[in-house]
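# Topology and contacts: notes
Residue strings, one per chain:
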Amino acid sequence: MDEAFLDLEEVDVELDEALLEAVDDKAFADHRDNRDAAIRDLLDEWLKEQD
């Protein structure tokens, strides 16, 4: 997917060990071990809770 047309900001996030394990658990269970997809999913859930 060509994302060059998107004007997005980049952010760095530090995860503690417990949260990283939770991300890995979700990645394994819901996203065929794809950590990036799990992080996007969790971020989407968090953003929806903030509304």
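Rules behind the numbers
Residues numbered from 1 in each chain as written. Predicted model: local features only at pLDDT ≥ 70, side-chain atom pairs only at ≥ 80, totals over all residues. Heavy atoms only, no water. Helix = DSSP H or I, 4+ residues; strand = E, 2+ residues; numbered from the N terminus. Buried < 20%, exposed > 50% of the residue type's maximum accessible area, 1.4 Å probe, protein only. Patch = residues over 30% accessible without salt bridge, like charges linked within 9 Å, V, L, I, M, F, W, Y side chains within 5 Å. Areas by Shrake-Rupley, 256 points an atom, 1.4 Å probe, with all protein chains shown as cover. Salt bridge = Lys/Arg side-chain N within 4 Å of Asp/Glu carboxyl O. Expected span 1.5 Å × (residues − 1). Polar contact = N/O pair within 3.5 Å; in protein donor to acceptor, adjacent residues only side chain to side chain.

### Section: the side chain of K26
With respect to the helices and strands, the residue K26 is situated in helix α1 (residues 17-30). A relative accessible area of 16% means that K26 is categorised as buried.

### Comments concerning unusual backbone geometry
Positive phi, normally seen in glycine, also occurs at R32, with a value near 50°. With relative accessibility at 82%, the residue R32 sits in the exposed group. Phi is positive for D33, which is not a glycine, with a value near 70°.

### A few points about a nonpolar patch on the surface
Taken together, the side chains of V11, V13, L15, L19 and I39 present a nonpolar region at the surface, about 440 Å² in accessible area. Looking at where L15 falls in the secondary structure, it is placed in the segment before α1. Take L15: its relative accessible area is 35%, and that puts it in the partly exposed class.

### Digging into helix α2 (residues 35-50)
The end-to-end C-alpha separation of α2 is 23 Å, in line with the 22 Å expected for 16 residues at 1.5 Å each. By the N-cap criterion, in which a side-chain oxygen at the helix start approaches the backbone nitrogen of a residue two or three places on, α2 is capped by N34, the distance to D36 being 3.1 Å.

Purely geometric stuff here, so don't read any function into it on its own.
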